[in-house]
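# Observations on the model geometry
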Amino acid sequence: MDVWGNILSSMSSRLDPSTLKLLKGVEKAEYRDGELYISTPDPVYKDWLESNLLEEIKNSATNLFGENLKVYILSEEKDADFDDEELIKEKIQKAEKKPYRLTNLNPKYIFSNFIVGNCNKIAYSACMSVAENLGKIYNPLFIYGGIGLGKTHLLHATAHYVISKQPGANIIYTTADTFMSELIYYMQNGSVLEFRRRYRDVDLLLIDDVQFLEGKERTQIELYHIFNALHLIGKQVILSSDTPPRNLRGVQERLKSRFASGLVVEIKAPDLQTKVSIINRKCLDLNLKIPKDVAILIAKTIKTNIRELEGSLSRLKAHADIMGRPVTLDMAREILKDILEINEVEEMSIEKIQKEVAAYFGVNLNDLLGNSRKKKITTARQVAMYLSRYMTDRSLLEISKAFKKKDHTTVINAVDRVKKNMEKDRKFKLTVEFLKEKIMSV
Ligand code: ADP
Ligand code: MG
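From a predicted model like this one, the values you see are computed outputs, not experimental measurements. (Residues numbered from 1 in each chain as written. Chains lettered and ligands numbered in written order. Predicted model: local features only at pLDDT ≥ 70, side-chain atom pairs only at ≥ 80, totals over all residues. Heavy atoms only, no water.)

### A word on the pattern of salt bridges
Test applied: Whenever a carboxyl oxygen of Asp or Glu lies within 4 Å of a side-chain nitrogen of Lys or Arg, that contact is scored as a salt bridge. To qualify as a helix, a DSSP run of H or I must reach at least 4 residues; to qualify as a strand, a run of E must reach at least 2; elements of each kind are numbered from the N terminus. Exposed residues in this analysis have more than 50% of their type's maximum accessible area, buried residues have under 20%, and partly exposed residues fall in between, with area computed by a 1.4 Å probe over protein chains only.
All told, the structure shown has 19 salt bridges when counted by the stated rule. For Glu310, the salt bridge goes to Lys282, with nearest N and O atoms at 2.7 Å. A residue pair is termed long-range when its members are at least 10 positions apart, and Glu310 in helix 13 (residues 306-323) and Lys282 in helix 11 (residues 272-286) qualify at 28 residues. A salt bridge links Asp330 to Arg333, with the nearest nitrogen and oxygen atoms 3.8 Å apart. In this pair, Asp330 and Arg333 are both assigned in helix 14 (residues 329-335), three residues apart and thus about one turn of the helix distant. You can call Asp330 exposed: its relative accessible area is 57%. It is possible to trace a salt-bridge network through shared partners that takes in Arg196, Arg218 and Glu222.

Below is the structure:
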């Protein structure tokens, strides 16, 4: 008796046609002494079956073979190519539940909230031009750069932009990882042709993180053919990776050379100014107010990863809200202590302050540390003392020593004088604040 055929026909009225089609993947079923063994071609299929249809199969088989039936689903050894079975299973299940096209774009990743600086200007403009001229100028566009530098943001932004201009456009955004899981899924169901059709039918294909193609031979072959087909008819491809095409490991030469055949652009680590602009922008979004010195502290602490930068701001926001107090430099230092420690932000030194202040006022360092009473020099000296008091953890005594003064009353007087002047004289206040920021950012 064809055991599986019988089970299938008894389930058929309750299942939709696409599931029934998938169930053809089962190789055979054997019944022995109250136990039913179902053989499947591989672990991914086995997992899919177990998590979706075990109950259904059990019920139907119980009708055929009687109560207390035990059902076992078996599979061949797993394919060496695919290491993380759990992950693939999860992805396949997710992929099944949603329609394919573009349910996976983050609505927050758009051009208008992408902060442009020297580090990402070229990548940004390239995406913009491509979005405006699909398939016409840079094809493919290959963007590479380190973690958290905005590659995914730009890819999503490009897709959003194209959708807004051409609502009917066929767009697929995927990651190399998902691309692979999908391919397996289609292979499993004997419909690789369907997979190809899906991918060859697009106006814009965006594949994120192609470094994950490493060592995935079968997936690379498939991508190579899809790429060629799209390229031939002028459809746009955009790729991202953490390295330039030539450095992709475990990727076929012919694919690498295709990747590099259009425009290859790098997103670099943001400079301090760009980081500060990003922080300001995120603060607006978070409805969080932070003083400038806090923005600079965070920008200096977090070397490159913009995602970490966002994380710090969310933490500040949560604390400020809970404590009902505005964010201050001290508060930020306390809350972000762990990050500050890991990143070992160099401690502010009195020497640095003296050097910068002297340079700003155009006085030389010896004069700053000397006893001259010239107006320009005393002002510079007082400002340097004031900043040393507030920007370092040094005691009054230490500060007075660093300024070659015998006792610390000079420092106290200088700090007082600067405070008073700042209250009276707006321009002077701005100068002091400017200097503070400048010193923090060198
Ligand atoms: P990648 O894909 O390069 O690892 P993402 O695109 O995921 O990085 O970016 C990480 C986070 O930083 C995202 O939340 C993104 O919105 C944000 N981000 C990155 N670059 C910028 C930028 N220039 N302006 C605003 N936000 C940015
Ligand atoms: Mg990314």
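### Side note on the site of ligand 1
How we decide: Any residue with a non-hydrogen atom lying within 4 Å of a molecule or strand is treated as near it. Here a polar contact is taken to be a pair of N or O atoms separated by no more than 3.5 Å, where protein atoms must pair a possible hydrogen donor with a possible acceptor and residues adjacent in sequence count only if both atoms sit in side chains. Only Asp, Glu, Lys and Arg are considered charged, only Ala, Val, Leu, Ile, Met, Phe, Trp, Tyr, Cys and Pro nonpolar, and every remaining residue, Gly among them, polar.
Every one of the 18 residues lining ligand 1 counts as a neighbour, but Ile115, Gly148, Thr152, His153 and Arg307 are closest to it. Separating an oxygen atom of ligand 1 from a backbone N or O atom of Gly150 is a distance of 3.1 Å. Arg307 is positioned such that a nitrogen or oxygen atom in its side chain is 2.5 Å from an oxygen atom of ligand 1. Of all the secondary-structure elements, those providing two or more residues to the shell around ligand 1 are helix 6 (151-165), helix 11 and helix 13. The residue makeup of the shell around ligand 1, split by class, is seven nonpolar, seven polar and four charged.

### Side note on the side chain of Ser60
Under the convention used in this document: Two residues form a contact once any of their heavy atoms are found within 4.5 Å.
Relative to the elements of secondary structure, Ser60 occurs in helix 3 (residues 43-65). The class of Ser60 is buried, set by a relative accessible area of 1%. Within the structure, Ser60 has its side chain in polar contact with the side chain of Arg14 (distance 2.8 Å). Setting aside anything within four residues of it in sequence, one finds Ser60 in contact with Ile7, Ser10, Met11 and Arg14.

### Description of the environment of Met391
Note that Met391 resides in helix 18 (residues 375-391). As for Met391 and Phe114, which are separated by 277 residues in sequence, their C-alpha atoms are 32 Å apart. Every residue in contact with Met391, bar those within four places of it in the chain, is listed here: Arg333, Met348, Ile353, Lys436, Ile439 and Met440.

### Comments concerning the packing of helix 18 against helix 20 (residues 409-424)
The criterion, for reference: Helix axes are fitted only over the stretch in contact, all axes being lines through C-alpha atoms; the angle between N-to-C directions runs from 0 to 180 degrees. These descriptions rest on fixed angle ranges, namely under 35 degrees for roughly parallel, over 145 for roughly antiparallel, 65 to 115 for roughly perpendicular, and the rest for oblique.
Across the interface, helix 18 lies against helix 20 with an axial gap of 8 Å and an inter-helix angle of 100 degrees. In terms of orientation, helix 18 and helix 20 fall into the roughly perpendicular class. Along the contact surface, helix 18 presents Gln382, Val383, Met385, Tyr386, Arg389 and Tyr390, while helix 20 presents Thr410, Val411, Ala414, Val415, Arg417, Val418, Lys419 and Met422. Of the residues assigned to the contact of helix 18 with helix 20, the class counts are nine nonpolar, two polar and three charged.

### Things to note about the packing of aromatic side chains
The following threshold applies: Centre distance within 6.5 Å is the pairing criterion for rings of Phe, Tyr and Trp, where only the six-membered ring of Trp is used; planes under 30 degrees apart are then read as stacked, over 60 as edge-to-face, and the remainder as tilted.
Inspection of every chain in the model, using the stated rule, returns 14 aromatic pairs. Note on Tyr31 and Phe65: the rings are 4.2 Å apart at their centroids and 5 degrees apart in plane angle, and the pair reads as stacked. In this pair, Tyr31 is assigned in strand 1 (residues 28-32) and Phe65 in helix 3, connecting sequence segments 34 residues apart. Tyr31 sits in the partly exposed class, given a relative accessible area of 31%. Between Tyr37 and Tyr72, the ring centres sit 5.4 Å apart and the planes meet at 20 degrees, which makes this aromatic pair stacked. With Tyr37 in strand 2 (residues 35-40) and Tyr72 in strand 3 (residues 70-75), this residue pair connects regions lying 35 residues apart in the sequence. A residue is classified by how much of its surface remains accessible, and Tyr37, at 18% relative accessible area, is buried. Ring pairing ties together the aromatic residues Phe179, Tyr185, Tyr186, Phe195 and Tyr199, which thus form one cluster.

### Some points on the packing of helix 7 (residues 176-188) against helix 8 (residues 192-200)
At a minimum axis distance of 7 Å, the contact between helix 7 and helix 8 shows a crossing angle of 140 degrees. On the basis of the axis angle, helix 7 is oblique to helix 8. Where helix 7 approaches helix 8, its residues Phe179, Glu182, Leu183, Tyr186 and Met187 are matched on the opposing element by Val192, Glu194, Phe195, Arg198 and Tyr199. Looking at side-chain class alone, the contact of helix 7 with helix 8 contains seven nonpolar, no polar and three charged residues.

### A few points about the nonpolar core
Defined as follows: Put simply, buried Ala, Val, Leu, Ile, Met, Phe, Trp, Tyr and Cys residues joined by side-chain atoms within 4.5 Å make one nonpolar core.
The biggest cluster of nonpolar side chains holds 55 residues, and the ones touching the most others in it are Ile290, Leu316, Val357 and Leu387. When sequence neighbours within four positions are dropped, the list of residues in contact with Ile290 reads Ile279, Cys283, Ala295, Leu313, Leu316 and Val327. In this structure, Leu8, Ala29, Leu53 and Tyr144 belong to the second largest nonpolar core, which totals 48 residues.

### So, a positive patch on the surface
Note the cut-off: Only residues above 30% relative accessible area that lack a salt bridge enter a patch, with like-charged residues linked at up to 9 Å and the nonpolar side chains Val, Leu, Ile, Met, Phe, Trp and Tyr linked at up to 5 Å. To measure how exposed things are, a 1.4 Å probe is used in the Shrake-Rupley method; for residues, cover is taken only from the protein chains shown. Under this rule, positive means Lys or Arg and negative means Asp or Glu; His and the chain ends count for nothing. Just so you know, the charge point we use is NZ for Lys, CZ for Arg, CG for Asp and CD for Glu.
Together, Arg373, Lys375, Arg417, Lys420 and Lys424 make up a region of like positive charge exposed at the surface. No other element matches the three residues that helix 20 contributes to the positive patch. Within the element layout of this structure, Lys424 appears in helix 20. The exposed category is assigned to Lys424, whose relative accessible area is 68%.

### Points about helix 1 (residues 3-11)
Basically, it comes down to this: Read the arc as the range of directions from the helix axis to the C-beta atoms.
Of all the positions in helix 1, only Val3, Trp4, Ile7, Leu8 and Met11 are classed as buried. What you see down the axis of helix 1 is that its buried residues fit within an arc of 130 degrees, all on one side. A side-chain oxygen of the first residue of helix 1 lies 3.4 Å from the backbone nitrogen of Trp4; this N-cap is Asp2.

Coordinates in, geometry out; function isn't part of it.
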